[in-house]
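# Tertiary structure, described
This is what each chain is made of:
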Amino acid sequence: MASVLEDPTLERNYKGHRDTITSVDFNPNMKQLASGGMDSCLMVWNFKAQMRAFRFVGHKDAVLSVNFSPSGHLVASASRDKTVRLWIPNVKGESTVFKAHTATVRSVQFSNDGQQLLTCSDDKTLKVWTVHRQKFQFSLNQHSNWVRSAKWSPDGRLIVSGSDDKTIKLWDRNSKECIHTFFEHGGFVHSVAFHPSGTCIAAAGTDSTVKVWDIRMNKLLQHYQAHSGAVNSLSFHPSGNYLITGSNDATLKILDLLEGRLFYTLHGHQGPATAVSFSRNGEHFASGGADEQVLVWKTNFDKVDYNEVLESHRARSQVHPPPHVHDINPRSPAYPVRGPGPQVNAHTEPKDMRNKTPTVTNLGPALFAQHRVGSSDPSAGLDDLDITSSDMETRGLHPTTPAGSSTAPLEVKEMPVGLARTLEKFVSQLDVLTQTVNILEQRMTMTEDKLREVLDNQQKIRLQVRPQD
């Protein structure tokens, strides 16, 4: 295979958040990027030229995690307000909300089949939910401190979690048991991830290190000391050959896992780099920071044709074969990295800013604008994913914000103060009602199980009594 190595380049620079960025994720269709921030907002940035960005307002506290569904039709957000919201990433801003935990929700992720959600929280638990109706499935409870990060394995059979108790735990989804605990981390664990092959995991945290384990042998494979500050986020390249990290030392690091070395150091943020993510095809990666900026980079350095590797990973996420050789093959011992690697400074390098920072449309949860099944309205439902500026004008959205502004002010609506307060109370009551219904569903399920057990016992007793008669 031929390999042409080029430095990563900064392609886009988005400004719209009003506080630190906490999470970034690409839509699998590569038309959108989602970001969450301490400003309690979810932003969806549209890559198409002249398209507005969407600011989704609904959470009452910081948004700490965002994740697109595999189809790209939904985006989930987890918040310090103890809730998770599922949004349709279009101009309507439709969402559904449920109280997921009794404390801050730190992480949310869709399973690869798009049917389940995984959340973790400061209440020390992980929880699994159905995406449809957000029905609670089960909890995982063995951490002794806040759980900051949790991820599905590619095949959905395992879950990895990292906690402030300084451990990384590996869980079996079917047995709901912790099958191994890694104690090698020297600080709070901020971020964990599965290698695309499903045979390795990586974790990073406050001890400034990045560690990679083989979960088949529960063995530490690689140990990187590339950062001088806490590592806040990490993401595997879909080929499995590279790992990107973001740190409080204001840098992004690209690690070459095949060679076991630091590959690139990227300078783009003015302050801590708090979120990183590769796109599903590996051609781009995004980063967010305390400077309230979202940066989109072109990967460039991986020109190798790794379609066969991707096909192998994809196949492994659908079936259950034995361990495969397509995983990390460390060629060096697990020692600190050997050299600084190339430096890329986005402050001095010329930027390919193909899109200026777009204007922003502020959207709240559209509680009364639910999509009608069978509606002939061409603007309804998920078709809005590809909405154009001309479409916006025909729908009365008027995308005519002055070119110099980075955000559009919230639309002024003629609504009496009393009515607004009444609606707010109504919404809060709806939230309480939704939570109550969820609790009732759980209790009904438990009652049904108990009743089934009683009937089974009665049947057994009858069978025992009849022979005696």
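Notes on the structure in this doc start here. Once a new chain begins, its residue numbering starts again from 1 and follows that chain's sequence as written. Given that this is a predicted model, residues contribute local features only at a pLDDT of at least 70 and side-chain atom pairs are listed and counted only at 80 or more, while totals for whole chains, interfaces and linings are drawn from all residues. Excluded from the side-chain calculation are hydrogens and water; included are all heavy atoms of the structure.

## Some points on the sheet that holds strand S19 (residues 200–205)
The pairing criterion is simple: DSSP has to find at least two bridges between the two strands. Secondary structure elements follow DSSP: runs of H or I no shorter than four residues count as helices, runs of E no shorter than two count as strands, and numbering proceeds from the N terminus. Strand order in the open sheet formed by four strands is S18-S19-S20-S21, with antiparallel pairing between adjacent strands. What marks the edges here is a single partner per strand, and that holds for strand S18 (189–194) and strand S21 (219–224). Between one strand axis and the next, the sheet turns by 20 degrees as a mean value, whatever way the strands run. In this sheet, strand S20 (residues 210–214) lies alongside S19 in antiparallel orientation, the contact comprising five bridges. The residue bridging Cys200 from the neighbouring strand is Asp214, located in S20. Interaxial angles span 0 to 180 degrees and are taken between N-to-C directions of axes, which are lines fitted to C-alpha atoms, for helices over the stretch in contact.

## Observations regarding the pattern of salt bridges
We define a salt bridge as a contact between a side-chain nitrogen of Lys or Arg and a carboxyl oxygen of Asp or Glu at a distance within 4 Å. Throughout the structure, instances matching the rule amount to nine salt bridges. Of the charged contacts, one joins Arg80 and Asp61 as a salt bridge, the two residues approaching to 3.8 Å between their closest N and O atoms. Here Asp61 lies in the loop between strand S5 (53–57) and strand S6 (63–68) and Arg80 lies in the loop between strand S7 (75–79) and strand S8 (83–87), a separation of 19 residues in the sequence. A relative accessible area of 34% means that Arg80 is categorised as partly exposed. A salt bridge links Asp214 to Arg216, with the nearest nitrogen and oxygen atoms 3.0 Å apart. Partly exposed residues are those whose accessible area sits between 20% and 50% of the maximum for their type, while under 20% is buried and over 50% is exposed, using a 1.4 Å probe and protein chains only.

## Some thoughts on the packing of aromatic side chains
In this analysis, rings of Phe, Tyr and Trp, with Trp reduced to its six-membered ring, are considered paired at centre separations within 6.5 Å, and the interplanar angle assigns stacked below 30 degrees, edge-to-face beyond 60, and tilted for intermediate values. The full count for this structure, using the stated rule, is 14 aromatic pairs. Taking 5.1 Å as the distance between ring centres and 40 degrees as the angle between the ring planes, the aromatic pair formed by Phe56 and Trp87 counts as tilted. Within this pair, whereas Phe56 is found in strand S5, its partner Trp87 is found in strand S8, the two being separated by 31 residues in sequence. Linked through ring pairs, Tyr242, Phe263, Tyr264 and Phe301 together constitute an aromatic cluster. Only Lys NZ and Arg CZ are tested; either one counts as a charge over a ring when it is within 6 Å of the ring centre and within 35 degrees of the ring normal. One residue, Lys176, lies across the ring of Phe138, its end atom 4.7 Å from the ring centre.

## What about the side chain of Thr83?
Here Thr83 lies in strand S8. A polar side-chain atom of Thr83 sits 3.3 Å from a polar atom in the side chain of His59. For this analysis, a polar contact is any N or O atom pair within 3.5 Å, provided that within protein one partner can donate a hydrogen and the other can accept it, and provided that sequence-adjacent residues contribute only side-chain to side-chain pairs.

## Side note on the sheet that holds strand S17 (residues 177–182)
Neighbouring strands of a sheet are bound in pairs by backbone hydrogen bonds; such pairs are parallel or else antiparallel. The strand order across the open sheet built from four strands is S14-S15-S16-S17, with neighbouring strands paired in antiparallel fashion. Unpaired on one side and paired on the other, strand S14 (147–152) and S17 mark the two borders of the sheet. Between one strand axis and the next, the sheet turns by 20 degrees as a mean value, whatever way the strands run. Two elements, strand S16 (residues 168–172) and S17, share five bridges in a ladder whose sense is antiparallel. The partner of Lys169 across the bridge, within S17, is Thr181.

## Quick notes on the environment of Cys200
With respect to the helices and strands, the residue Cys200 is situated in strand S19. In this structure Cys200 comes out as buried when scored by relative accessible area, which is 0%. When the C-alpha atoms of Cys200 and Ile215 are compared, they prove to be 5.5 Å apart, with 15 residues separating the residues in sequence.

## Focus: the side chain of Ser235
Residue position: Ser235 is located in strand S22 (residues 231–236). For Ser235, a relative accessible area of 11% translates into the label buried. For Ser235, the side chain forms a polar contact with the main-chain nitrogen of Phe278, separated by 3.1 Å.

## Examining a nonpolar patch on the surface
In this analysis, a patch consists of residues with relative accessible area above 30% that form no salt bridge, clustered at 9 Å for like charges and at 5 Å for the nonpolar side chains Val, Leu, Ile, Met, Phe, Trp and Tyr. Areas reported here follow the Shrake-Rupley algorithm with a probe of radius 1.4 Å; residue values treat only the protein chains shown as occluding. A grouping of Phe426, Leu430, Leu433 and Val437 is seen on the molecular surface, where their side chains present a nonpolar patch of about 320 Å² in accessible area. Along the chain, Leu430 falls in helix H3 (residues 417–468). You can call Leu430 partly exposed: its relative accessible area is 31%.

## Here we look at the pairing of strand S3 (residues 32–37)
Here S3 lies mainly inside the structure; six of its six residues are buried. Sheet topology places strand S2 (residues 21–26) next to S3; five bridges connect them, and they run antiparallel. Considered in S3, the bridge of Phe26 is made with Leu33. As consecutive antiparallel partners, S2 and S3 are separated by five residues, and within that stretch Met30 has a phi angle of approximately 60 degrees, a positive value. Remark: three residues form the turn of the hairpin made by S3 and strand S4 (residues 41–46), two consecutive strands paired antiparallel; Ser40 in that turn has positive phi of roughly 70 degrees.

## Considering the pairing of strand S12 (residues 126–130)
Looking down a regular strand, the side chains alternate between one sheet face and the other. S12 sits mainly inside the fold: five of its five residues count as buried. In S12, alternate side chains face the same way, and those of Leu126, Val128 and Thr130 on one face and Lys127 and Trp129 on the other are all buried. Two elements, strand S11 (residues 116–121) and S12, share five bridges in a ladder whose sense is antiparallel. When the sheet's bridge partners are listed, Thr119 is paired in S12 with Lys127. The antiparallel pairing of S11 with S12 creates a hairpin that spans four residues between the two strands, and Lys124 there sits at a positive phi of about 75 degrees. Bridge analysis of S12 against strand S13 (residues 136–140) gives four bridges, and the strand direction is antiparallel. Of the residues in S13, the one forming a bridge with Lys127 is Ser139. Hairpin connection, S12 to S13: the antiparallel pair is bridged by five residues, and Arg133 has positive phi, about 65 degrees.

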